[in-house]
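Residues per chain, in single letters:
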Amino acid sequence: MILILKPNIGVDSKEFQRIERFLKNQQNIEIRVHKVQGAAQLLTEVYLIGNTAALSLEEMRSFPGVDHVVRVSEEYRVLGRHKGDNRQNHFTYQGVRFGQDNLNIFAGLCAVDSRESVETMMRALRENGQVCTRLGAYKPRTSPYSFQGHGKTCLPYVFELAGKYGIKVIAMEITHESHLEEIRECLEKAGNPTGVMLQIGTRNTQNFELLKIVGRQQEFPVLLKRGFGITLDESLHAAEYLASEGNQKVIFALRGMKTNIGDPHRNMVDFAHVPVVKRITRMPVCIDPSHSVGIRARSSDGILDVLHAAAQGVIAGANMILIDFHPTPSRALVDGPQALRIEELPAFLEDINIVRTAYERRTELHKDYGVTSAGS
Ligand code: PEP
Ligand code: MN
């Protein structure tokens, strides 16, 4: 059960203390408090865990200070959608809105290889009106002998250039808790010219201790990749680890499933799950066509498979795209074969624009069946 308190009623209020006293006298009820930034005010959500069946909705609703009460199913308590649930399905970070109703594009480098690549990429993004990017500093590689990413040594110039080119959010994978500290420290040293969305890669989707640490901080939003060889349900539970620790700014990314049934693509594209995740949870859904398709192949219609896959995700309502570009893909240190060339950025953006417009027309056509939820 979740009690959503009235705006600006927090844990120091008399109203909260009265609820807390009442709950302490109940058997087997544990409470966890989450603070959520709403459109204008801070909202306090009280999660009741344990024998909540013994509590009546009416009784909990009658406490002064309670705005509304949601009885949740066991699954995905924080991030799931539940009956009568009008909690918001969006958040804002660095002035950029991330929600189930809009689309953000993160075109960038799979891995930072040099200052020049970063600058060329960011210049092109600015010229094309983009304020978000992806840049890998810590790279999880199959072989220990492969390039592992420049790590914290590249962060000072990455952040400095982001400030110079007006980049507001950088999606950056971390594979260890120490990376979180390094990012925080370097951002501070640079004067916080940009923001970072922490990416948990597919190899770490079920690294529960890392998820808990990342979930305990609320400074950075999190992009969680679906695990490449586990069920959707298992990956959604992984997202819930982040939220149950307090961070609800979570975006869920589909990146293809590992199976050679997907050959000749690197992974089996799973973007038919975009609407599924939006239906089950309140998370915005990201697609990663680069790591799904993994090759630069063009169909007989002249369109690259990566762009076809991106279009499939966007026409199904994706809210974010993570896509690899590189100034010279043949010289990229990681994942060159799947990278688009920087001069292909304008056509890519136009293609996405066409498909997003088509998606919006589709929702208009079917609007009588849409679920509206407050704040979305
Ligand atoms: C990446 O996005 O750079 C990456 C390594 O992706 P994944 O974790 O999906 O393989
Ligand atoms: Mn990659």
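Residues numbered from 1 in each chain as written. Chains lettered and ligands numbered in written order. Predicted model: local features only at pLDDT ≥ 70, side-chain atom pairs only at ≥ 80, totals over all residues. Heavy atoms only, no water.

*Asks:* Give me the overall build of the protein: which residues, what numbers.
*Replies:* Counting its secondary structure elements, the protein contains 11 helices and 15 strands. In terms of overall dimensions, the protein is globule-like: its C-alpha atoms have a radius of gyration of 21 Å, near the 21 Å expected for 376 residues. In terms of its C-alpha atoms, the protein occupies a principal-axis envelope of roughly 65 × 50 × 35 Å. Across the 376 residues of the protein, 54% fall into the buried class. Considering only contacts within the protein whose residues lie at least 6 apart along the sequence, 71% involve residues at least 24 apart. For the protein, the accessible surface area stands at approximately 16800 Å², while carbon and sulfur atoms represent 50% of it. Of the side-chain charges in the protein, 45 are positive and 43 negative, and the distance between the mean point of each set is 2 Å. (Helix = DSSP H or I, 4+ residues; strand = E, 2+ residues; numbered from the N terminus. Rg over C-alpha atoms; globule rule 2.2 N^0.38 Å. Buried < 20%, exposed > 50% of the residue type's maximum accessible area, 1.4 Å probe, protein only. Contact = heavy atoms within 4.5 Å. Areas by Shrake-Rupley, 256 points an atom, 1.4 Å probe, with all protein chains shown as cover. Lys, Arg positive; Asp, Glu negative; His and termini not counted. Charge placed at Lys NZ, Arg CZ, Asp CG, Glu CD.)

*Asks:* Tell me about the coordination of the manganese ion (ligand 2), residues and numbers included.
*Replies:* Coordination of the manganese ion (ligand 2) by the protein involves Cys110 (SG), His291 (NE2) and Asp335 (OD), with metal-donor separations of 1.9 to 2.3 Å. Donor residues for the manganese ion (ligand 2), ordered by position in the chain, follow C-x180-H-x43-D. With histidine 291 in helix 9 (residues 289–293) and aspartate 335 in the loop between strand 14 (320–326) and strand 15 (340–341), this residue pair connects regions lying 44 residues apart in the sequence. Under the relative-accessibility criterion, histidine 291 is labelled buried at 9%. (Donors = N, O, S within 2.8 Å, 3.2 Å for Na, K, Ca; no water.)

*Asks:* So what's going on with the pairing of strand 11 (residues 222–225)? Residues and values would help.
*Replies:* Side chains Val222 and Leu224 of strand 11 all project onto a buried face; the interleaved residues Leu223 and Lys225 project onto the opposite face, where all are buried too. Once the chain exits strand 10 (residues 195–200) it traverses helix 6 (residues 208–216) before rejoining the sheet at strand 11, and the crossover so formed is right-handed. Two elements, strand 11 and strand 12 (residues 250–254), share four bridges in a ladder whose sense is parallel. Bridge pairing links lysine 225 to alanine 253 in strand 12. Considered for its hand, the β-α-β crossover made up of strand 11, helix 7 (residues 232–244) and strand 12 is right-handed. (Right-handed = clockwise from strand over helix to strand, strands pointing away. Pairing = 2+ DSSP bridges.)

*Asks:* So, the pattern of salt bridges: which residues are in play, and what are the values?
*Replies:* Overall, the coordinates contain 20 salt bridges when judged by the stated rule. A salt bridge links glutamate 20 to lysine 24; the shortest N-O distance between them is 3.8 Å. Here glutamate 20 and its partner lysine 24 are both found in helix 1 (residues 14–24), four residues apart, which amounts to about one turn of the helix. Judged by its relative accessible area of 25%, glutamate 20 is partly exposed. In this structure, aspartate 85 and arginine 87 form a salt bridge, with 2.8 Å as the shortest nitrogen-oxygen distance. One salt-bridge network, held together by shared partners, links Arg296, Arg341, Glu343 and Glu344. (Salt bridge = Lys/Arg side-chain N within 4 Å of Asp/Glu carboxyl O.)

*Asks:* Please provide a residue-by-residue account of the sheet that holds strand 2 (residues 29–37), values included.
*Replies:* If you trace the four strands from one edge of the open sheet to the other, you get 2-3-1-4, paired in antiparallel fashion. Unpaired on one side and paired on the other, strand 2 and strand 4 (66–70) mark the two borders of the sheet. Averaged over all adjacent pairs, the angle separating strand axes in this sheet is 20 degrees, with direction ignored. Sheet topology places strand 1 (residues 2–5) next to strand 4; four bridges connect them, and they run antiparallel. Following the sheet pairing, isoleucine 2 is matched in strand 4 by valine 70. Against the sheet, helix 1 engages strand 1, strand 2, strand 3 (42–50) and strand 4, with an angle of about 155 degrees to strand 2. (Axes fitted to C-alpha atoms, helices over the stretch in contact; angles between N-to-C directions.)

*Asks:* So what's going on with the domain arrangement of the protein? Which residues, and what values?
*Replies:* Assigned domains of the protein: these are domain 1 (2–71) and domain 2 (92–368). Summarising the inter-unit geometry, the C-alpha centres of domain 1 and domain 2 are found 35 Å apart. Listed per partner, the contact involves six residues of domain 1 and five residues of domain 2. Taken together, both faces of the contact between domain 1 and domain 2 bury some 390 Å²; the carbon and sulfur share is 28%. (Domains from an automatic or database assignment. Buried area = accessible area lost by both parts, 1.4 Å probe.)

*Asks:* Go over the side chain of threonine 52, please, and point to the residues and values.
*Replies:* You can see threonine 52 is positioned in the loop between strand 3 and helix 2 (57–61). Take threonine 52: its relative accessible area is 12%, and that puts it in the buried class.

*Asks:* Help me get a handle on helix 11 (residues 345–365), residues and values and all.
*Replies:* Spanning 21 residues, helix 11 covers 30 Å between terminal C-alpha atoms, matching the ideal 30 Å at 1.5 Å per step. Buried residues of helix 11: Leu345, Phe348, Leu349, Asp351, Ile352, Val355, Arg356 and Tyr359, and no others. Buried positions in helix 11, seen along its axis, are confined to an arc of 160 degrees and lie on one side of it. Those residues of helix 11 that are exposed and aimed more than 90 degrees away from the buried face are Ala347, Ile354, Arg361 and Leu365. Check the buried side of helix 11 and you find it contacts strand 7 (104–108), helix 3 (115–127), helix 8 (274–280), helix 10 (305–315), strand 14 and strand 15. (Expected span 1.5 Å × (residues − 1). Arc of directions from axis to C-beta.)

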